[in-house]
Number of protein chains: 2
Amino acid sequence: MSGFKQADHKLLVIPGPIEFSDSVLLANATPGTAHTSPAFIPVFGETLKLLRKVLLSSEESESQPILIAGSGTMGWDAVGVNLVERGDEAVVLNTGYFGDSFADCLEAYGAKVTQVKAEVGGIPTDDAIISALSSKPKLITITHVDTSTGVLSPAKHITSLVKKHSPETLVILDAVCSVASEEIRFDDWGLDMVISATQKGLGAPPGLSVVLASKRAVEVSENRKTPQQGYYISWKKWIPIMKNYEAGKPSYFATPPVQLIYALNTSLKFIASKDISELYEAHKAASKYIKDELSSMGLDFVPKSRDIAANGMTAVRFPKGSTAPDVLPKLAERDIVVAAGLHKAIITEYFRIGHMGVTAVDRSRGDLEKVIKGIKEVLGKN
Amino acid sequence: MSGFKQADHKLLVIPGPIEFSDSVLLANATPGTAHTSPAFIPVFGETLKLLRKVLLSSEESESQPILIAGSGTMGWDAVGVNLVERGDEAVVLNTGYFGDSFADCLEAYGAKVTQVKAEVGGIPTDDAIISALSSKPKLITITHVDTSTGVLSPAKHITSLVKKHSPETLVILDAVCSVASEEIRFDDWGLDMVISATQKGLGAPPGLSVVLASKRAVEVSENRKTPQQGYYISWKKWIPIMKNYEAGKPSYFATPPVQLIYALNTSLKFIASKDISELYEAHKAASKYIKDELSSMGLDFVPKSRDIAANGMTAVRFPKGSTAPDVLPKLAERDIVVAAGLHKAIITEYFRIGHMGVTAVDRSRGDLEKVIKGIKEVLGKN
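The structure presented is a predicted model; accordingly, all values stated were derived computationally and were not measured.

Engineer: In this structure, what is going on with the side chain of His144(A)? I would like to understand it.
Structural biologist: Residue and element names in this part refer to chain A. Counting through the fold element by element, His 144 comes out in the loop between β5 (139-143) and β6 (145-146). You can call His 144 buried: its relative accessible area is 2%. Separated by 2.8 Å, the side chains of His 144 and Ser 178 make a polar contact. Apart from residues lying up to four places away in sequence, His 144 is in contact with Val 151, Leu 152, Ser 153, Ala 155, Leu 173, Asp 174, Ala 175, Ser 178, Glu 182, Glu 183 and Ile 184.

Engineer: Mind showing me how you'd approach the interface of chain A and chain B here?
Structural biologist: The parts lose accessible area when they come together, and the size of an interface is often stated as this lost area. Contact residues are listed per partner, giving 55 residues for chain A and 55 residues for chain B. Between chain A and chain B the total buried area reaches about 4,000 Å² when both faces are included, carbon and sulfur atoms providing 67% of it. At the junction of chain A and chain B, the tally comes to zero salt bridges. Counting residues per element, the ones that place at least two in the side of chain A that touches chain B are α1 (22-27), α3 (72-82), α4 (97-108) and α10 (258-272) of chain A.

Engineer: Looking at this structure, how should I read the relation of the copies chain A and chain B?
Structural biologist: Note that the two copies of the chain are related through a rotation about an axis and a translation along the same axis. If you rotate chain A by 180 degrees and push it 0.0 Å along the axis, it lands on chain B with an RMSD of 0.0 Å. As the rotation angle and translation indicate, the two copies are arranged about a two-fold axis. In terms of proximity to the rotation axis, the leading residue of chain A is Gly70(A), whose C-alpha is 2.3 Å off the axis. Counting the interface residues of chain A, we find that 100% of their copies in chain B are interface residues as well, pointing to one common contact surface.

Engineer: So what exactly am I meant to see when it comes to helix α14 (residues 367-379) of chain A here?
Structural biologist: Think of an α-helix as turning once every 3.6 residues; residues three or four places apart then point the same way. Residues and elements named next belong to chain A. End to end, α14 covers 18 Å across 13 residues, agreeing with the expected 18 Å (1.5 Å per residue, within 8%). When we look at burial in α14, the residues that qualify are Asp 367, Leu 368, Val 371, Ile 372, Gly 374, Ile 375, Val 378 and Leu 379. End-on, the buried residues of α14 take up no more than an arc of 160 degrees, which puts them together on one face. Elements that come into contact with the buried residues of α14 comprise β1 (11-12), α11 (276-296), α12 (324-333), β12 (336-337), β14 (350-354) and α13 (358-361). At the C-terminal side of α14, Gly 380 shows a positive phi close to 65 degrees.

Engineer: Which parts of the structure should I look at to understand the sheet that holds β14(A)?
Structural biologist: Think of a sheet as strands paired side by side through backbone hydrogen bonds, with each pair either parallel or antiparallel. All names here are of chain A. Spatially, β11-β14-β13 is the arrangement adopted by the three strands of the open sheet, whose pairing is antiparallel. Pairing within the sheet leaves two strands with one partner each, and these edge strands are β11 (313-317) and β13 (339-340). Running at roughly 10 degrees to β11, α11 makes contact with β11 and β14 of the sheet.

Engineer: What is the right way to read the UniProt feature "domain: Aminotransferase class V" (unreviewed entry) in chain A from this model?
Structural biologist: The positions that UniProt labels "domain: Aminotransferase class V" (unreviewed entry) are, in the present scheme, residues 64-350 of chain A. Secondary structure across residues 64-350 of chain A divides into 39% helix and 18% strand, with the first and last C-alpha atoms of the span separated by 38 Å.

Engineer: Got a minute to help me understand the pairing of strand β10 (residues 208-213) of chain A in this structure?
Structural biologist: Along any regular strand, the residues point their side chains to alternate faces of the sheet. All names here are of chain A. Along β10, six of the six residues are buried, which leaves the element largely enclosed by surrounding structure. With burial as the criterion, each face of β10 is covered, one bearing Leu 208, Val 210 and Leu 212 and the other bearing Ser 209, Val 211 and Ala 213. With six bridges joining them, strand β2 (residues 64-69) and β10 adopt antiparallel strand pairing. When the sheet's bridge partners are listed, Ala 69 is paired in β10 with Leu 208. Pairing between strand β9 (residues 193-197) and β10: five bridges, direction antiparallel. Directly across from Val 194, in β10, lies its bridge partner Leu 212.

Engineer: How should unusual backbone geometry be read in this particular structure?
Structural biologist: In most cases, non-glycine residues show a negative phi, while peptide bonds are predominantly trans. With omega at -5 degrees, the peptide bond leading from Gly16(A) into Pro17(A) counts as cis. Relative to the helices and strands, Pro17(A) resides in the loop between β1 and α1. The phi torsion at Leu56(B) lies on the positive side, around 55 degrees, for a residue other than glycine. Inspection of the secondary structure puts Leu56(B) in the loop between α2 (41-54) and β2 (64-69).

Engineer: Looking at this structure, how should I read the side chain of Arg352(B)?
Structural biologist: Residue and element names in this part refer to chain B. Inspection of the secondary structure assignment puts Arg 352 in strand β14 (residues 350-354). Buried Arg 352, no salt bridge; nearest opposite-charge side chain is Asp 146, N-O distance 7.0 Å. Of note is the side chain of Arg 352, whose polar atom sits 2.9 Å from the backbone oxygen of Thr 147.

Engineer: What exactly am I supposed to notice about the sheet that holds β10(A) here?
Structural biologist: Residues and elements named next belong to chain A. Strand order in the open sheet made by the seven strands is β2-β10-β9-β8-β5-β3-β4, with mixed pairing throughout. Of all the strands in the sheet, just β2 and β4 (112-117) have a single pairing partner and so form its edges. Each strand axis lies, on average, 20 degrees off the axis of its neighbour in the sheet, ignoring direction. Pairing analysis gives five bridges linking β5 to strand β8 (residues 170-174), with the strands arranged parallel. Its bridge partner lying in β8, Thr 141 is registered against Ile 172. Sheet contacts for helix α6 (residues 155-165): β3 (89-94), β5 and β8; angle to β5, the most-contacted strand, approximately 170 degrees.

Engineer: Could you clarify how one ought to interpret the pattern of salt bridges in this entry?
Structural biologist: A side chain of one charge can pair with a side chain of the opposite charge if their charged atoms are brought near each other. All names here are of chain A. The full count for this structure, using the stated rule, is 42 salt bridges over all chains. A salt bridge links Asp 292 to Arg 306; its shortest N-O distance comes to 2.9 Å. With Asp 292 in helix α11 and Arg 306 in the loop between α11 and β11, this pair connects stretches of sequence that are 14 residues apart. A salt bridge links Arg 365 to Asp 367; the shortest N-O distance between them is 2.9 Å. In this structure Asp 367 comes out as buried when scored by relative accessible area, which is 7%. Connected via shared salt-bridge partners are Lys 49, Arg 52, Glu 59 and Glu 246.

Engineer: Just to check I follow, could you spell out the packing of aromatic side chains for this structure?
Structural biologist: How two aromatic rings sit relative to each other is set out by the distance from centre to centre and by the angle between their planes. Residues and elements named next belong to chain A. Enumeration over the complete set of coordinates arrives at 27 aromatic pairs over all chains. Look at Phe 40 and Tyr 245: their rings are 6.0 Å apart centre to centre, the planes differ by 75 degrees, and that puts the pair in the edge-to-face class. Here the residue Phe 40 occupies a position in the loop between α1 and α2 (41-54), and Tyr 245 occupies one in helix α9 (residues 235-246), the gap between them amounting to 205 residues. Residue class for Phe 40 comes out buried when judged on its relative accessible area of 0%.

Engineer: What exactly am I supposed to notice about the nonpolar core here?
Structural biologist: Here is a general trend for soluble globular proteins: nonpolar side chains tend to be buried in one another's company. With 218 residues, the main nonpolar core has Val79(A), Leu106(A), Val79(B) and Leu106(B) as its most contacted residues. Discounting chain neighbours no more than four positions away, the residues touching Leu106(B) are Trp76(B), Val79(B), Gly80(B), Val84(B), Ala90(B), Val92(B), Ala111(B), Val113(B), Leu139(B) and Thr141(B). Within the second largest apolar cluster, 25 residues are counted, among which are Phe301(A), Val327(A), Ile372(A) and Val378(A).

Engineer: Even after reading the chapter, I still don't get the packing of helix α5 (residues 126-133) of chain A against α6(A), so can you show me in this structure?
Structural biologist: Two measures define how a pair of helices packs: the angle their axes make with one another and the distance between the axes. All names here are of chain A. The geometry of α5 relative to α6 is characterised by a closest axis approach of 10 Å and an angle of 40 degrees between their N-to-C directions. The angle between α5 and α6 falls in the class oblique. Where α5 crosses over α6, the handedness of that crossing is right-handed. Here α5 contributes Asp 126, Ile 129, Ile 130 and Leu 133 to the contact with α6, which in turn contributes His 157, Ile 158, Leu 161, Val 162 and His 165.

Engineer: Help me understand helix α6 (residues 155-165) of chain B, please; the structure alone is not making it clear to me.
Structural biologist: All names here are of chain B. Within the span of α6, buried status applies to Ala 155, Ile 158, Thr 159, Leu 161 and Val 162. The arc that holds every buried residue of α6, seen down its axis, measures 155 degrees, which confines them to one face. Those residues of α6 that are exposed and angled more than 90 degrees off the buried face are Lys 156 and Lys 164. Those residues of α6 hidden inside the fold are in contact with β3 (89-94), α5 (126-133), β5 (139-143), β8 (170-174) and α7 (186-189).

Engineer: Even after reading the chapter, I still don't get the environment of Met242(A), so can you show me in this structure?
Structural biologist: Residue and element names in this part refer to chain A. As for its placement among the helices and strands, Met 242 is situated in helix α9. Separated by 197 residues in sequence, Met 242 and Gly 45 place their C-alpha atoms 7.8 Å apart. Residues in contact with Met 242, not counting those within four places in the same chain, are Phe 44, Leu 48, Gln 64, Pro 65, Ile 66 and Leu 67.

So, how was this worked out
Residues numbered from 1 in each chain as written. Chains lettered and ligands numbered in written order. Predicted model: local features only at pLDDT ≥ 70, side-chain atom pairs only at ≥ 80, totals over all residues. Heavy atoms only, no water. Helix = DSSP H or I, 4+ residues; strand = E, 2+ residues; numbered from the N terminus. Buried < 20%, exposed > 50% of the residue type's maximum accessible area, 1.4 Å probe, protein only. Polar contact = N/O pair within 3.5 Å; in protein donor to acceptor, adjacent residues only side chain to side chain. Contact = heavy atoms within 4.5 Å. Buried area = accessible area lost by both parts, 1.4 Å probe. Salt bridge = Lys/Arg side-chain N within 4 Å of Asp/Glu carboxyl O. Least-squares fit on C-alpha atoms with pLDDT ≥ 70 in both. Expected span 1.5 Å × (residues − 1). Arc of directions from axis to C-beta. Pairing = 2+ DSSP bridges. Axes fitted to C-alpha atoms, helices over the stretch in contact; angles between N-to-C directions. UniProt positions renumbered as here; feature names shortened; annotations may be inferred. Lys, Arg positive; Asp, Glu negative; His and termini not counted. Phe/Tyr/Trp six-rings, centres within 6.5 Å; stacked < 30°, edge-to-face > 60°. Core = buried A, V, L, I, M, F, W, Y, C linked by side-chain atoms within 4.5 Å. Parallel < 35°, antiparallel > 145°, perpendicular 65-115°, else oblique. Left-handed = near helix turned anticlockwise from the far one by under 90°.

What follows is the structure, given as C-alpha cells:
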C-alpha cells in the first residue's frame, strides 16, 4: 500500500515518543509475518547491523546488538541481570530523575551503588567522578540526556576519565534520549554498553529495548561467578538468537515484535542513508533555533549552560507568573503537545520540548516554527 | 485513514503470530501519541477492562490486568520476579517444550521445581498431579495449550484438583496460546494468574506481555519476605500505573507500547462485541473442520485424543515418507505458511497449523479451506 498517510493528529513534540514518518508507521502495519520466516529473517539481521552502524561500531569490534520487546527501562535491567553480581560496586552519575531510577534498578539486583549527584541543571564535577572511581567499581553509568532536566552529559570526556583512572570499569551509557540525536562513537570512545529505546531519536514506535554491548561487556557477563539474575532479559538466552538472525538463520527464544522491527528497520535505513555527522548537525541546528527563539522571549533554561544542554530536547522555565496549567492546554488547543516538568525539585517551574527525528531533520515539515509560533502566542510574546 | 488494506502476503497459519485484521494493523499505525495524553489514557484504561472481560473476571474480584512491553515468555519471569522467593516449591505440569522452559525460568529465580511430565501427546495423570501437590507447593503451573504438541490441558479440572488437595497453592495458567481461543473462566475456576501475549488468539502484533493476576496472587507478591527479584517486571512498579490508567489518570514508570495498545484495544473490542461462548464455538468449529479433513486424508495427530487437542491449532503427523522439507516449501509456494515441528522427541515427524483469531472466526475469508486445499495438493490427496 504505497501512498499511506497517517491520520491527522496533534504535533507531538515531547522528549519521546516523537513524530513518526508515514513509511515507519506503514512498516508497523506489516501483515502477520512469522518470526522465523525467510521474509523476516534478513530484515531483523539488517536491523542489527544498522544499529551497530548508527552507533559507529564496527563488526570487527565484535560488539553485540540486542533487540528485545520491552522498553528503554528494561535496558537497566539488562545491566542488573547480566553484569551485576550481588555485592558488586556501581557508580551512577546522576543528572536527574533517570539517575535515581537507574540506581534503584541496580540496587534491586544487589549492586552497591554510589551516586555522584549533580545540582539540578548541572553535571558532576571531574573531581567527584575521579573520587568515585578510586574504589575501582565494576561499572559506571552515565545518563547521556536526562529528559527530566534536558542536561547532556559529556559522555566522551567522562569515558576518557574512566579509561585513565579505572580502566577495568565498564562504561554504561543510558542513551535512551540520545541515540541518533547526540554524538555517540561507540568504538572510538570505548563504551561498553549503550542502552536505548525506539521511540526517540530512532524514530519508531515504543516497545523495543535497544542495546549495544561491547565484546568486553559480553565476556564479563559470560564469566560471572553467579548465574544471571533472570530469564527473559538474559543475554545467555538472547545473544545466540541475535547472532543467528544476523547470520540469516531462523532462531527462537521468545517471539520478537515483528512489526516493530520492520518499523525500526525503515527508520534506521533512513537514518543511515546519510552521513551520521549530518544527523548530529541537524539536531544541533534544530536545538539552536528553538533555544535562540526561547531566549529571545526572555526565557531561561534548566541546564546551567548551553554546552551541557541536549540537542534533541529543551527544558525551559516558565516566565514568572505562568505555570503548566496556563500554558500546556493552550498549546494543545493549537495542536501542539509538549511535556510538563518531571524533576521533583522544580516540577512546576518548567516544561519540555522534544526536537528529535523527523521534526529536527525534515525542516520542510515546519514543526519547529509551529512550536515557536504557538509558544509566542500563548505567552503573549508576539 | 479509512479503507486501509494491508499488503498482499502469504496466509499465516502457524500457532502465532496469526493473521491480523486491517483495522488492527491500522491501529498499529496510529500516529505518534504521548503515553500520558488525554487521547491515549482512556484507550489504555479500556483495554485493561476488556482483558478482564474476555477472561470472564469481574472488577469486583479485584483481579489485576497488567500489560507491559515484552513477550509471552516475560510472563514466566513475572511469576519468578513477583511470586517466587528463593527456595519456594513450584510444580510445573509439562505437556511439551514450554513446560521445560517455564521450569528453567522459575529455577532461574530460585524455585525448587518439581515437573510432572506427560508422555508426548498426553497430559499428566490426576494421581501424578495429586501426588505432586502433597508437599503443598507455593504454586503450580499449567501450560494450557503447549504449541509444541498441540495438547490442550484440562485447566478447569486441574484447578479443581488443586482447590481440593492444596487450596493455598497458586494456580498459574500459561495461556499464551489459549486466551480468546480456548475456554478460560478466571473467576469461576479460581485461577490466580493467566499469562498471555498479543500475537495469538488476541489477534494483535507481538510485543506485549499480557497478564491477569488474582487479588490473592497480588497479595502474595505484596507480602513476600524478600524483595521482588527484578525491576522492570516488578508488579510493585506496574500495578499502581495500571490502576491509574484504569482510573483515567496519567502515570509513568516506563513508556508503554502506545501503538500496540491501540491495536490490542481494536482487537479486544471486536472479540468482546459478541458473547464469549460464540468465540469458543467458532474455534471449536474451525478445529473440527481442520482435524476432520486431515483425518479423512489418513493423517494422525500428536495429541493422543481429540478431547485433549487444542481448538486453536493442530499438530499433525506427516504421512509415511514425507518430511518438512518436502511439504512446507510446497505449501509456501501456494502462499500458505504453516510451522515445522518443535518438540525435540518428534521434531521431524509432524507439522503445526494455527487456526486462531480471524482465520477461525471470519469464515468468509476462506483461510481454512485454502489450507486444506493446499495440503491435499501437496500430499497428493486430491
